[in-house]
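# Notes for the structure review
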Amino acid sequence: MLSKRIIPCLDVKDGKVVKGVQFKNHEIVGDILNLAERYSNEGADELVFYDITASADGTTINTNWVNAVAEKLAIPFCVAGGIRSLEDAAKRFESGADKISINSPALERPDFINELVAAFGSQSIVVGIDSKERDGNYSIYQYTGRPDQMQKANRNTLDWAHEVAERGAGEIVLNCMNQDGVRKGYDLRQLNAVRDATTIPLIASGGAGQMCHFQDVFTDTNVDGALAASVFHKEIISISELKLFLRQKGVRIRP
Amino acid sequence: MKTVIVNSGCANIASVKFAFERLGANVNVSSDLQEISKADRVILPGVGTFDFAMSGLIKNQLINAIKSLSQPVLGICLGMQLYFEGSAEGVTQGLGLAKGIADKFLSEPNLPVPHMGWNQLENLSDDPLLKGLDEGSYVYFVHSYFIPLGETTLAETTYGTTFSASVRKENFWGCQFHPERSSDVGATILNNFLKLS
């Protein structure tokens, strides 16, 4: 049986791993390679690296550390941040990334998703969606790496999730912004709504604070994986203990 | 011993190379016919689309060279699917080393496609490639197309349907999953491959 994935997310800024609360006030939490290796050893199923400045700066991630991570790790990882051309994407893959994730560039030019899928196959193209609930509606935000440039995109989350799947994306990471960094649990209602809107793998992001939040997201929604950052970086939750806990609760988890 | 990864123009070559290097192997990436033919081990990687991967091999005039290899060959993911006659994904003929055509997973509400993540190996055959692995070992998959069960199947995995997780046709071994991304289990498989005689 396919297991549910536990995915630590490393937000990268200027070559260091950082974490902010609701996308603001970033603090440095560590070195990319050290953290990546630690998570892999603890049993992480996959890693995601978001270069949070690249998209808003119009730059793309530095491939040196992508290469270094690929050299060390024997688990899959995805990189994101300002990938705007097929060439940008090809460089990430050549450096050893298994998947790339795009967010703002997909909103600017949705055909980009189709072009990436045609060149690299669905399975390696992830679309990140930053979404916020307001008055019962879910809306998309873009350029979320930079508070001063962040803006509401004129799109409904459920429509966009459906559209990116239609365009061939292989996975969606849904970052529920109301929950991000506040550790009160995943946004189960929104995740269920997006789950119903699409048939590609869906990863929950935003809100993990305790081990039971992971249990909730896997029992109350049909997401394929759960992503979290600060609880792992700050060692509030250990991945190996989390996986043991979830297995005891009957969640299908790789030992 | 020289291991050569066929430069199929596909995406995951670096991670495959690194995985073999972690095991101490001497690895080169090449699309040179001579170098591939003379290698002790040949890896056929593949991420991308069936037609794209086949057109890369055709462009480099590698079809006959690959088909006539007699040393151990390991096809990974799409690379393994290329061994077969074709794919529902494309119109190009496969290498035709083994019978069968890659089929597409049916997307259902509780069965997202691609099949992405860690899934279990079942019904393991007694084959040197799988030596030391336990039933139910987890390996990492990312694919939308699969090779149905058949004579070449070495191990099975279930995702809605049960399909070939690993195959073998004479000196051509294949993994639908990514051993280079399957942690210790994957390293065991790659190590077994290097030790094949």
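Everything below is about the structure printed above this text.
Now for a description of the structure that goes with this document.

Counting its regular elements, chain A contains 11 helices and 12 strands. In terms of overall dimensions, chain A is globule-like: its C-alpha atoms have a radius of gyration of 17 Å, near the 18 Å expected for 255 residues. Looking at the 255 residues of chain A, the share that counts as buried comes to 61%. Summed over all atoms, the accessible surface of chain A reaches about 9500 Å², with 42% contributed by carbon and sulfur. Positive and negative side-chain charges of chain A, numbering 29 and 34 respectively, have mean locations separated by a distance of 3 Å.

All names here are of chain A. Mapped onto the elements, K4 comes out in the segment before strand 1 (5–13). Buried K4, no salt bridge; nearest opposite-charge side chain is D224, N-O distance 5.2 Å. At 2.9 Å, the side chain of K4 forms a polar contact with the backbone oxygen of V223. Among all residues touching K4, those that are not within four sequence positions of it are D45, F218, N222, V223, D224, V251, R252 and I253.

Glancing now at the interface of chain B and chain A. Counting residues at the interface gives 30 residues for chain B and 39 residues for chain A. Around 2800 Å² of area is buried between chain B and chain A when both sides are counted, 56% of it from carbon and sulfur atoms. Summed over the three residues of chain B that lose the most area to chain A, namely B:M116, B:W118 and B:R181, the buried surface amounts to 26% of that side. Our count for the chain B to chain A interface comes out at one salt bridge. Between the two partners, chain B and chain A, sit 17 residue pairs in polar contact (both at pLDDT 80 or more). Contributions of two or more residues to the side of chain B that touches chain A are made by helix 1 (13–22), strand 7 (115–120) and strand 8 (138–143) of chain B. If you tally residues by element for the side of chain B that touches chain A, the top one is strand 7 of chain B, at six residues. For the side of chain B that touches chain A, the class distribution of residues is 14 nonpolar, 12 polar and four charged.

Residue and element names in this part refer to chain A. Axis separation between helix 8 (residues 188–197) and helix 9 (residues 211–220) bottoms out at 10 Å; the angle between their running directions is 30°. Of the two possible hands of crossing, helix 8 and helix 9 adopt the one that is right-handed. Contacts between helix 8 and helix 9 involve L188, L191 and N192 on the former and, on the latter, D216, V217 and D220. Its residues assigned to classes, the contact of helix 8 with helix 9 comprises three nonpolar, one polar and two charged.

Residues and elements named next belong to chain B. Taking burial as the measure, the 10 residues of helix 1 include seven buried ones, the bulk of the element. Looking at helix 1, one finds that the buried residues are I13, A14, S15, V16, F18, A19 and F20. Positive backbone phi, approximately 85°, marks G24, located one or two places after helix 1.

Residue and element names in this part refer to chain A. For helix 6 (residues 111–120), the set of buried residues is F112, I113, L116, V117 and F120. Axial view of helix 6: buried residues confined to an arc of 135°, hence all on one face. Buried residues in helix 6 make contact with helix 4 (86–94), strand 6 (99–102), helix 5 (104–108), strand 7 (125–134) and helix 7 (157–166). Immediately beyond the C-terminal end of helix 6, within one or two residues, lies G121, with a positive phi of roughly 90°.

Residues and elements named next belong to chain A. Residue placement: N103 occurs in the loop between strand 6 and helix 5. Sequence separation between N103 and N114 is 11 residues; the distance between their C-alpha atoms is 14 Å. Beyond its immediate sequence surroundings of up to four residues, N103 is in contact with G128, I129, D130 and Y141. Within the structure, N103 has its side chain in polar contact with the side chain of D130 (distance 3.1 Å).

Overall, the coordinates contain 15 aromatic pairs over all chains when judged by the stated rule. Between A:F49 and A:F77, the aromatic rings sit 5.7 Å apart at their centres with planes inclined by 90°, giving edge-to-face as the arrangement. Here the residue A:F49 occupies a position in strand 4 (residues 47–51), and A:F77 occupies one in strand 5 (residues 77–80), the gap between them amounting to 28 residues. Taken together, a centroid distance of 5.7 Å and an interplanar angle of 70° make the contact between B:F141 and B:F177 edge-to-face. Here B:F141 is found in strand 8, whereas its partner B:F177 is found in the loop between strand 12 (172–175) and helix 6 (183–195), with 36 residues between them in sequence. Judged by relative accessible area, B:F141 falls into the buried class, the value being 0%. A relative accessible area of 0% places B:F177 in the buried class. A cation over an aromatic ring shows up here: B:K104 above the ring of B:Y145, its NZ or CZ 5.6 Å from the ring centre.

About the cut-offs
Residues numbered from 1 in each chain as written. Chains lettered and ligands numbered in written order. Predicted model: local features only at pLDDT ≥ 70, side-chain atom pairs only at ≥ 80, totals over all residues. Heavy atoms only, no water. Helix = DSSP H or I, 4+ residues; strand = E, 2+ residues; numbered from the N terminus. Rg over C-alpha atoms; globule rule 2.2 N^0.38 Å. Buried < 20%, exposed > 50% of the residue type's maximum accessible area, 1.4 Å probe, protein only. Areas by Shrake-Rupley, 256 points an atom, 1.4 Å probe, with all protein chains shown as cover. Lys, Arg positive; Asp, Glu negative; His and termini not counted. Charge placed at Lys NZ, Arg CZ, Asp CG, Glu CD. Salt bridge = Lys/Arg side-chain N within 4 Å of Asp/Glu carboxyl O. Polar contact = N/O pair within 3.5 Å; in protein donor to acceptor, adjacent residues only side chain to side chain. Contact = heavy atoms within 4.5 Å. Buried area = accessible area lost by both parts, 1.4 Å probe. Nonpolar A, V, L, I, M, F, W, Y, C, P; charged D, E, K, R; others polar. Axes fitted to C-alpha atoms, helices over the stretch in contact; angles between N-to-C directions. Left-handed = near helix turned anticlockwise from the far one by under 90°. Arc of directions from axis to C-beta. Phe/Tyr/Trp six-rings, centres within 6.5 Å; stacked < 30°, edge-to-face > 60°. Lys NZ or Arg CZ within 6 Å of the ring centre and 35° of its normal.

These values are about where atoms sit, not about what they do.
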